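A closer look at the structure
For reference, the chains in residue letters:
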Amino acid sequence: CSVASRRSRSDPFTSGAARPAVSDFDLALLAVYPWTKSFHVIAVIAWMAGVFYLPRLFVYHCGVARGSSASERFKVMELRLYKQIMVPAMITTWLLGAVLIWTPGVVDWSGFNWWTVKFAAVILMTGFQGAMGKWRRQFLEDRNQKSHKFYRVANEVPTVLLVVIVIMAIAKPF
């Protein structure tokens with residue numbers, strides 16, 4: 001795969017191919033593409049910060065007695081992180097990702113390619129966040145049955161998914 005063909009797949013502005021006629025909506029999406037991509041990356045960073053930190057809070061929460069003041073403090077920290085950072089960042093990531101998908105030339109829709117794998121990994125990341133929401137509620141209700149080791153291992157899941165997502169989005173290996 002040549003550099004020119006990779007460049008045309010990754011950036012709708014550098015494609016050397018003749019472009020078909022585009023609508024005003026498509027032109028608007030193309031005009032804001034750099035801003036959309038920038039804010040999408042910012043939202044992803046905020047989301048990943050939360051996704052990496054919440055399981056670590058769970059590890060520490062496992063080490064304190066139920067009902068203690070430390071446990072109550074962890075419950076507040078976990079709630080704020082989840083509801084005030086992770087959920088809004090995830091929603092923003094998804095919305096801006098949808099805008100990027102609609103931007104002409106950003107995604108090659110011909111068959112199975114990098115975008116399919118990236119999308120699957122993002123769905124898994126979203127599911128992982130849903131699982132963390134369930135675990136957070138279990139801590140909130142003093143019903144956690146999992147060990148700190150479980151949360152240490154769970155903390156590695158988003159790392160693996162993020163590696164897949166970044167490689168698919170940047171290198172586009174297929």
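The structure contained in this document is the topic of the report that follows. These numbers come from a predicted model, not from an experiment.

Of the regular secondary structure elements, the protein holds 7 helices and 0 strands. Taken from the N to the C terminus, the helices and strands of the protein come in the order α-α-α-α-α-α-α. The burial tally for the protein puts 33% of its 174 residues in the buried class. The contacts of the protein with a sequence gap of at least 6 include a subset with a gap of at least 24, amounting to 76%. Here the protein has roughly 9,900 Å² of accessible surface; of this, 68% comes from carbon and sulfur atoms.

What follows covers unusual backbone geometry. Not every positive phi belongs to a glycine, and D142 is a case in point at roughly 55°. For D142, the location among the structural elements is in the loop between helix 5 (114-140) and helix 6 (148-154). Even without a glycine there, the phi angle at K172 is positive, about 45°. Locating K172 in the fold gives a position in the segment after helix 7 (157-170). A relative accessible area of 8% means that K172 is categorised as buried.

This next bit is on helix 5. Helix length check: helix 5, at 27 residues, gives a terminal C-alpha distance of 39 Å against a target of 39 Å (1.5 Å per residue), a fit within 8%. Taking the backbone nitrogen of W115 as reference, a side-chain oxygen 3.0 Å away marks N113 as the first, capping residue of helix 5. Immediately beyond the C-terminal end of helix 5, within one or two residues, lies D142, with a positive phi of roughly 55°.

The next point concerns the packing of helix 3 (residues 33-62) against helix 7. At a closest axis distance of 9 Å, the pairing of helix 3 and helix 7 adopts a crossing angle of 150°. With respect to their mutual orientation, helix 3 and helix 7 come out roughly antiparallel. Of helix 7, the residues touching helix 3 (which contributes M48, V51 and F52) are P158, T159 and L162.

This brings us to the nonpolar core. V51, L54 and M132 are the most contacted members of the largest nonpolar core, which totals 24 residues. Listed by contribution, the elements that provide at least two residues to this core are helix 3, helix 4 (69-102), helix 5, helix 6 and helix 7. In this structure M132 touches V51, L54, P55, F58, Y82 and M86, once residues within four positions along its chain are discounted.

Here the focus is the pattern of salt bridges. Applying the stated criterion to the full structure yields 3 salt bridges. One salt bridge connects K75 with E72, and the closest N-O pair in it is separated by 3.0 Å. Pair noted here: K75 and E72 are both in helix 4, with a separation of 3 residues, about one helical turn. Its relative accessible area of 8% is what places K75 among the buried residues. With a shortest N-O distance of 3.0 Å, K75 and D142 are connected by a salt bridge. Of this pair, K75 sits in helix 4 while D142 is found in the loop between helix 5 and helix 6, placing the two residues 67 residues apart along the sequence. Linked through salt bridges whose partners overlap, the residues forming this network are E72, K75 and D142.

Next up on the list: a nonpolar patch on the surface. A cluster of nonpolar side chains, V32, W35, F39 and I42, forms an exposed patch at the surface whose accessible area comes to about 440 Å². Note on placement: I42 falls in helix 3.

For the rest of this paragraph, the subject is the environment of T93. With respect to the helices and strands, the residue T93 is situated in helix 4. Distance from T93 to V44, taken between C-alpha atoms, is 5.7 Å for residues 49 residues apart in sequence. Setting aside its immediate chain neighbours within four residues, T93 contacts H40, A43, V44 and W47. Among the polar contacts made by the side chain of T93, one reaches the main-chain carbonyl oxygen of A43 at a distance of 3.4 Å.

Here is what the cut-offs are and how they apply
Residues numbered from 1 in each chain as written. Predicted model: local features only at pLDDT ≥ 70, side-chain atom pairs only at ≥ 80, totals over all residues. Heavy atoms only, no water. Helix = DSSP H or I, 4+ residues; strand = E, 2+ residues; numbered from the N terminus. Buried < 20%, exposed > 50% of the residue type's maximum accessible area, 1.4 Å probe, protein only. Contact = heavy atoms within 4.5 Å. Areas by Shrake-Rupley, 256 points an atom, 1.4 Å probe, with all protein chains shown as cover. Expected span 1.5 Å × (residues − 1). Polar contact = N/O pair within 3.5 Å; in protein donor to acceptor, adjacent residues only side chain to side chain. Axes fitted to C-alpha atoms, helices over the stretch in contact; angles between N-to-C directions. Parallel < 35°, antiparallel > 145°, perpendicular 65-115°, else oblique. Core = buried A, V, L, I, M, F, W, Y, C linked by side-chain atoms within 4.5 Å. Salt bridge = Lys/Arg side-chain N within 4 Å of Asp/Glu carboxyl O. Patch = residues over 30% accessible without salt bridge, like charges linked within 9 Å, V, L, I, M, F, W, Y side chains within 5 Å.

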